[in-house]
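# Reading the structure
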Amino acid sequence: MLAYIIRRLLYALPILVGVNLITFALFFVVNTPDDMARMQLGVKRVTPEAIDRWKAERGYDKPLFFNDAASGSAMLSETIFFSKSVRMFVGDFGRAEDGRDIAREIVTRMGPSLAIALPTFIIGLLVSVSLALLLTFFRATYLDFWGVVLCVAMMSISGLFYIIGGQYLISKLWKLVPISGYGGGLDAWKFVILPVLIGVVSGIGSSTRWYRTIFIEEIARDYVRTARAKGLAEAAVLFRHVLRNALIPILTGVVVVIPLLFMGSLLTESFFGIPGLGSYTIDAINAQDFAVVRAMVFIGSLLYIVGLILTDLSYTFVDPRIRFN
Amino acid sequence: MSAPPSQHGEELLAVRQLRVAFAHGRSLLPAVDGIDLRLAAGETLALLGESGCGKSATALALLRLLPAAGRIVAGEVCFGGRDLLRLPESEMRAVRGGGMAMIFQEPATSLNPVLTVGRQLAEVLARHRALGGAAAQATALELLLAVGIADAPRRLGEYPFQLSGGMKQRVMIAMALAGEPRLLIADEPTTALDVTIQAQILELLSRLQAERAMGMLLITHDLGVVAQMATRVGVMYAGEIVEEAPRAAFFSAPRHPYAQKLFAALPDLARRGGQLQTIPGQVPSLSAMPAGCRFAARCGHAWELCRQQSPQWRQVAIDHRVRCHLDDGVASRGRDGGSTAASGEAVAVVAAAPALLAVDELRVHFPIRRGILQRTVGHVRAVDGVSLALARGRTLALVGESGCGKTTVGKAILQLLPASGGSVRLLGEQLGGGARSAQRALRRHMQMIFQDPFASLNPRLSVGEIIAEGMRALAVGGPAAGRRATNTAAVAAVLQQVGLPAEAAGRYPHEFSGGQRQRIAIARALAVQPDLVICDEPTSALDVSVQAQILNLLATLQGELGLAYLFITHNFAVVDHLAHEVAVMYLGRIVEHGRVDEVLRAPRHPYTRALLSAVPSPRLDAASEYIRLPGEIPSPAAPPAGCHFHPRCRQASELCRQEYPPPSRLSATHVVHCHLYPPPGEAD
Amino acid sequence: MPFLPVILWSDVLIWLLLLLAVVLGWLSARNPLWRTAWRRVGRSRAGMASATLLLAFAVVGLLDSLHYRPRLVADGGQGASAQPTAYAVEVLSLLDALLTPLRTRNEKTYSEPLATRAHARETIEVRGSDGRLQQTRDHPRLRYGGAHLGADESRRDADVASRVLQALGLALLAWAAVAVAVCGGVARAQGSGWRQAWRRVWRRDGDFAWNAVLAALAALLLLAMPVALLATDYHVFGTDKVGQDVLYQVLKSVRTALVIGLVTTLVMLPLSVLLGVLAGYFRGWVDDLIQYLYTTLSSIPGVLLIAAAVLMMQVLIDTHPQWFATAAERADLRLLALCFILGVTSWTGLCRLLRGETLKLRELEYIQAAQAFGVSSLRIIGRHIVPNLMHIVIIALVMDFSSLVLAEAVLSYVGIGVDPTMISFGTMINNARLELAREPMVWWSLSAAFFFMFSLVLAANLFADAVRDAFDPRLAGSP
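Since we're looking at a predicted model, the values are computed, not measured. (Residues numbered from 1 in each chain as written. Chains lettered and ligands numbered in written order. Predicted model: local features only at pLDDT ≥ 70, side-chain atom pairs only at ≥ 80, totals over all residues.)

### A look at the overall build of chain B
Quick note on the threshold: Numbering of helices and strands runs from the N terminus; a helix is a DSSP stretch of H or I covering at least four residues, while a strand is a stretch of E covering at least two. Whether a residue is buried, exposed or partly exposed follows from its count of other C-beta atoms within 10 Å of its own C-beta, namely 20 or more, 12 or fewer, or something in between, respectively; the C-beta atoms are built from the backbone. By the convention adopted here, residues make contact when the C-beta atoms placed from their backbones lie within 7 Å.
Assigned secondary structure in chain B consists of 25 helices and 24 strands. On the principal axes, the C-alpha backbone points of chain B span a range of 75 × 65 × 50 Å. Burial status across chain B gives 51% buried among its 684 residues. Intrachain contacts of chain B at a sequence separation of at least 6 include 68% that bridge at least 24 residues.

### Topic: the overall build of chain A
From N to C terminus, chain A includes 15 helices and zero strands. Along the first, second and third principal axes, the C-alpha atoms of chain A reach 80 × 55 × 35 Å. The burial tally for chain A puts 40% of its 325 residues in the buried class. In chain A, the share of contacts with a sequence separation of at least 24, taken over all contacts with a separation of at least 6, comes to 67%.

### Re the environment of Phe215 of chain A
Residue and element names in this part refer to chain A. You can see Phe215 is positioned in helix H9 (residues 188-219). Taking the C-alpha atoms as reference, Phe215 lies 9.7 Å from Ile250; in sequence the two are 35 residues apart. Look past the residues within four positions of Phe215 in its chain and what remains in contact with it is Ala132, Leu133, Thr136, Val242 and Ala246.

### Observations concerning the interface of chain C and chain A
Threshold: Residue polarity is assigned by list, with Asp, Glu, Lys and Arg as charged and Ala, Val, Leu, Ile, Met, Phe, Trp, Tyr, Cys and Pro as nonpolar; anything else, Gly included, falls into the polar class.
Of the residues lining the interface, 37 residues belong to chain C; the matching set on chain A comes to 41 residues. For the side of chain C that touches chain A, the secondary structure elements donating two or more residues are helix H10 (284-299), helix H11 (302-319), helix H14 (377-414) and helix H16 (444-471) of chain C. A per-element tally of the side of chain C that touches chain A places H11 of chain C first, with twelve residues. For the side of chain C that touches chain A, the residue count by class is 28 nonpolar, seven polar and two charged.

### Considerations on H10 of chain C
The α-helix winds at 3.6 residues per turn, so residues separated by three or four positions along the chain end up facing the same way. Put simply, the test is: Working rule for helices: expected span equals 1.5 Å times residues minus one.
Helix length check: H10 of chain C, at 16 residues, gives a terminal C-alpha distance of 22 Å against a target of 22 Å (1.5 Å per residue), a fit within 8%. Every buried residue of H10 of chain C is listed here: Ile290, Tyr294, Thr295, Thr296, Leu297, Ser298 and Ser299 of chain C. Elements in contact with the buried residues of H10 of chain C: helix H1 (2-29) and helix H14 (290-318) of chain A together with helix H9 (246-282) and helix H12 (327-361) of chain C.

### Focus on the packing of helix H13 (residues 277-286) of chain A against H14 of chain A
Residue and element names in this part refer to chain A. How we decide: Here an angle of 0 to 180 degrees is reported between the N-to-C directions of two axes, which are lines fitted to C-alpha atoms, with helices fitted over the stretch in contact. Each angle gets one of four labels, with under 35 degrees taken as roughly parallel, over 145 as roughly antiparallel, 65 to 115 as roughly perpendicular, and the rest as oblique. The sense of a crossing depends on the near helix, which, turned anticlockwise from the far helix by less than a right angle, makes the crossing left-handed and, turned clockwise, makes it right-handed.
Where H13 meets H14, the axes come as close as 8 Å, and the angle between the chain directions of the two elements is 140°. The pairing of H13 with H14 is recorded here as oblique in orientation. Here H13 runs over H14; the crossing is left-handed. Mapping the contact onto sequence places Tyr280, Thr281, Ala284 and Ile285 in H13 and Val292, Val293 and Met296 in H14. Residues that form the contact of H13 with H14 fall into these classes: six nonpolar, one polar and no charged.

### Description of the interface of chain B and chain C
Each partner contributes to the interface: chain B provides 25 residues, whereas chain C provides 19 residues. When contributions to the side of chain B that touches chain C are tallied by element, the ones reaching two or more residues are helix H16 (436-443), strand E18 (446-449) and helix H17 (463-473) of chain B. Looking at the side of chain B that touches chain C, the element that brings in the most residues is H17 of chain B, giving three residues. Among the residues making up the side of chain B that touches chain C, the classes are represented as eleven nonpolar, seven polar and seven charged.

### Comments concerning the sheet that holds strand E5 (residues 82-83) of chain B
Residue and element names in this part refer to chain B. As a reminder, the rule being used: Only strands joined by at least two bridges in the DSSP assignment are considered to pair.
One open sheet accounts for four strands, arranged E2-E1-E4-E5; its pairing is antiparallel. At either end of the open sheet lies a strand with only one pairing partner, and these are strand E2 (27-40) and E5. The sheet contact formed by strand E1 (residues 11-24) and E2 spans eleven bridges and is antiparallel. Bridging from a neighbouring strand, Ala21 pairs with Pro30 of E2.

### Let's talk about unusual backbone geometry
You will see that Arg64 of chain B, though not glycine, has its phi angle at about 55°, which is positive. Within the secondary structure layout, Arg64 of chain B lies in the loop between helix H1 (55-62) and strand E4 (70-79).

### With respect to the packing of helix H1 (residues 9-30) of chain C against H9 of chain C
For any two helices packed against each other, the geometry comes down to the angle between their axes and how far apart the axes lie. Residue and element names in this part refer to chain C. Axis separation between H1 and H9 bottoms out at 10 Å; the angle between their running directions is 75°. Taken as axis vectors, H1 and H9 run roughly perpendicular relative to one another. Contact with H1, carried on its side by Ser10, Leu13, Ile14 and Leu17, involves Val259, Leu262, Val263 and Leu266 of H9 and no other residues of that element.

### Here's the deal with the sheet that holds strand E3 (residues 92-93) of chain C
All names here are of chain C. As summarised here, the arrangement of the three strands in space is E1-E2-E3, forming an open sheet in which the pairing is antiparallel. Only two strands of the sheet have a single neighbouring strand rather than two, namely strand E1 (3-6) and E3. Here strand E2 (residues 67-70) pairs with E3 via two bridges, running antiparallel. Note on E3: the bridge partner recorded for Tyr68 is Leu92.

### Notes on the confidence of the model for chain B
All names here are of chain B. The condition is simple: Along the chain, pLDDT gives the predictor's confidence residue by residue, from 0 to 100.
Across chain B, the average pLDDT comes to 85, with 90% of residues at or above 70. Here residues 1-7 scores under 50 on pLDDT; set against residues more than four positions off or in separate chains, the count is 14 contacts. Counting interchain partners and residues more than four positions distant, the pLDDT-below-50 stretch residues 329-352 has 35 contacts. At the level of chain-chain contacts, confidence expressed as ipTM amounts to 0.86, with global pTM at 0.87.

### A closer look at the pairing of strand E7 (residues 183-187) of chain B
Residue and element names in this part refer to chain B. Inclusion rule: When the strands point away from the viewer, a crossover counts as right-handed if the path from the first strand over the helix to the second runs clockwise.
Most of E7 is tucked away: five of the five residues are buried. Residues Leu183, Ile185 and Asp187 line one face of E7 and the alternating positions Leu184 and Ala186 line the opposite face, and both faces are buried. The pairing of strand E6 (residues 100-103) with E7 spans four bridges and is classified as parallel. Note that in E7 the partner of Met100 across the bridge is Leu183. Bridging between E7 and strand E8 (residues 215-220) involves five bridges; their strand directions are parallel. Bridge assignment links Leu184 to a residue of E8, and that residue is Met216. Each parallel crossover has a hand, and for E7 linked through helix H8 (residues 195-212) to E8 it is right-handed.

### As for the pairing of strand E22 (residues 589-595) of chain B
Within a regular strand, side chains alternate between the sheet's two faces. Residues and elements named next belong to chain B. Within E22, six of the seven residues are buried, which leaves it mostly tucked inside the rest of the structure. Here strand E21 (residues 581-586) pairs with E22 via six bridges, running antiparallel. Looking at E22, one finds that Met585 is bridged to Ile590. Between E21 and E22, which pair antiparallel one after the other, the connecting turn spans two residues, and Leu587 there sits at a positive phi close to 50°. Bridge count between E22 and strand E24 (residues 671-673): two bridges; the pairing is antiparallel. Across the sheet, the residue bridging to Glu592 is Val672, located in E24.

### Quick look at the environment of Arg93 of chain B
Of note, Arg93 of chain B is situated in helix H2 (residues 89-95). Each C-alpha atom, one on Arg93 of chain B and one on His128 of chain B, is 9.6 Å from the other, the two residues being 35 residues apart in sequence. If near-sequence neighbours (up to four positions away) are discounted, Arg93 of chain B is found in contact with Gly231 and Ala233 of chain A.

As structure tokens, this is what we get:
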């Protein structure tokens, strides 16, 4: 069991290194720092001096991998690769275009992101699983048929429309809650409730349908027939037998995203003006702030890998076959 | 309809005119067509039939557990004075598990994998006996003890995957008993199990039935199981019951031509070396049931009336009735109809011919990886030092229970798996290693026929392409020029050899039945003109009547082409029928090896003896006592020290626990690895 | 020549895809298993109704994938022939040519659907009855919308109504013609009479869901015909901020969506099939390497990887303006780059699936039989493994389409989607999203984008379901 966890952790390390190399290649090899400088400065102000100054300010004036000018360990450490990529492993992400420390910014913005993403995730999961169980219980009836049709229709609507429509209806037309913004303290719920509601509704279609497929697949198995042959009621069969087994495939898709909740949602946060990591990423993309995007890619992958490990761990709770092997 | 309740006790179950159909698109296909059943307490009614005859659908319909597409169209199921088909669902649930319990074929999938054995048992106790807490625990423990599970207190807290196949089936039986049912429905309860485990389970079932005076509806395709278990027999064919008789009457004089054919198709010593009787054609499909007698198209005695009118029940003796238009005179010519070829003749050609295949100390070990770095911590010794020799035109049967490594031997000989040690020589040349071209040339001398006729043919290729593949790969039929034409001709020729029409080449595997597919697989192997064919359980997925066709075909081909067969099987009847020599495997090693009459008539190794005694015989006069084998096959990753068999052997001595027995030669051909028979040199 | 054909890279790929579809169709017709699977799709009513709709979208997309540069008409009259022919910088498509009125009749700014006057009040000069210029604030008259009515704007409703009626009549006629043609075809194929053929077409459990096709076609014609007839003189869906016709924009968006949804799979498929099969078949270190590759790639959150890649691509495009002759080419290449990036970031899921399936397949007995013949690994993969994986590939292909179309909208909104000058559902939504906040509200742009996108994605989803049900061997048995 412990060996299993250690093995998963050891396996995560090369993946993180790989992610780092991919990001590095994307940001520094496809385009040279000169290209980035020219792009950032705009066509008019491009002079060799301006480019050099831009690079020096951001530490892009070093060689990529190997510094001939330095000596000793500095030959490796005084390079872009070391300062921009390797340093990320110790949580040093450098500074954004506006001069702020990225690491600190990330820490302060995690709170608002989580305040939206966590309730959305939990409520969404509960609602979808319950709806899926309902459809499964009434399988092969009109309720099931039209439920699935509704799910397909709901998943055919772009997330953008959910947000735009929800904002229009609830905030503008009915004036129930503020249209956007974020506040700390007790008033926070006013700002949280709409994004959470929209987040839940926009996810219902696809996840309900997916869970229903899993349940229906599980219900065709032999052990379900055994359970019925015991004389159990359909509800008992569904909750005691099917749900437990269906949890295994459901967990694969669900647990892995839990750590990523820290990253927030790009769309929701930017539409509702929530100062979380999602809107931070969007702003960085629009401002072409390479340092921030690079940092977010790294953190995102780190969280995903944590999610993978959590998934493996969660199996040991629901699947005795893994717990005892 | 006139069958009186038998002498056993009060009538438990009466099924009248039950009809079950399956929805297919917008139409309903009848699967069970008006059957009548009666069952008394303490009685076992065996429902016998081949796959697709509707016997499982009948069982599920009794419990109203048919799959979503299944419908009960009409009929009456009287159980305990009530018609189950008219009960509301909530009352029906009290019957399921309470009045009537069911055991399914596949114990591996029929238990919930994520709940402990204790919980799954407690569920039934809570539902039907209102037991909870400590009382339920105690009762669950009693039940596990009753079904003979060793170490029962520990097993209560274990999950199904921690149990072996036999133990899972015991747990299933315990669960079925937990509601104290009066009727037990067992749907092929031992089909998925090895023969020694099957014997254990069958013994357990009859003991429990006697103790509790339960009625039992046993659904099976195995005449041996019927002979051992049944009080009465009902034979099903294409959704109808065609014959119903007490066991003794049925086994001494079956009346329906179908039942007679079933007996005739069984391979056994009486027809050794000769041809088995076969039933031509196949069971009619659900969508195209003939109007008259459903067996008419395959019946040798069918006459005009049979094709026009479905026969009515006819009483032929007390409790014995049959649905057949034929009168007694024709129907009684029965079981000896098969041609009995000279049995001694084939055996007489003793292995004088030089060996075609020589396997010496073959080993196949699979590494077990564990720990952080996935280091190899041990080996599964799937095959651990197997030596064989096989001459042209001979058949060597490799028998053993599942997991003994017999299939691995076959694959290692074919070089489908890398050998870890030992050597395989074909035609005197070493296989494995050496130049690729030489290896390729050797490949065409040996081929394999697989167990599952559905998995062994690529569904995307036409039959012609499938058969031609080997010819092309091994460049049979000359160089490239004009090969296509010769190939087409060759494919047609080989199809004809296996009894299929030439136009089958243009069709695809899904258009053929199981038996026909197996013929295609044989044609594919024959196409490269091999000398040796490795047959891996080629008939175990087939019905008895089809099995007979395939066995006949194999025998004919051996006679015509002088093929050598390495026949891997667990079915002793088949071995008896066609093998010249037998090697018995246990845990990766051959424990006994000899001519078929030596090994099967005078088995020496305790394992061989136990194995043979566990095979249920489809006759009345079979020796009833069998040698119980305690426990199950140990894991080949950690075989017991000394003789691998000693933990299950009654005659084991101290020596057996310490040393693997050397070969003892009992005759020129009979070798056994057992300390009971010390080699002559050390005997004194 | 009156025009200079322009072949954009995305055009090449689109037509290549069409060719591939034809080849696939031909192969399917030859193999009985494929044939039965497609027949099952044909029997599915939801599947065939959505296929009809998708076909209509595909026609729009294909018409929009034949590009040219029109010749500039020289003013020199007679002497023009002597001059070297000059072609416009603007790249047009066949669809543009068909929609010339929609494309060229631009108003000044917003106008409501079917309006004759602009949406916002403006200060306009009106010559009063006394001949003097008066300045009033009113909705100005549109330049093109309802221009044929002249001053008599009150006639608009009657005009619209009569056109709609005409259109419905035409639609019914057209539909009846198609229905008769279908019936005739069925009658000939069955060798039966018309009456039987008609009954066969409308039977609920026929061999081919003609009834669904005809019903979908009826709905399509009844909706499209009035729009087409009205569009000649009105802005049916209004105009946007710069006065461009919204109907024109949604029709142009269709091609962008199709390119994103289809070309991406063209990038994704070879990667996932090749790597998945290799990993599953050879196992060992090949498997380890490929697994490492896809775990690493999939561990980077999709949007972020796309964002990073698109940012870098933008830098590349911006610093090399000399690569592109026209703005259209630039936008087109950016679209393809987006497809490429989406493909590279999304092959991992399918690859994992195919690897698992290959692992199962390679243990099957027919593969072992082939190995026993000494058939080479490459041949086993080509003959035995890949054909038996194709159903997964087809299912993945149709399932991915709708999610890619949806993804384009989100990415364009975030600013890492298609070129801002390229018309797509994403850019339309992005431009229109603030309009709901205007007073009075501008709703038509967003609604039109919503309606078209929804019907495209819904049709794709329903079709994908039908295909999955028909091809998935676990589901194929059930009705």
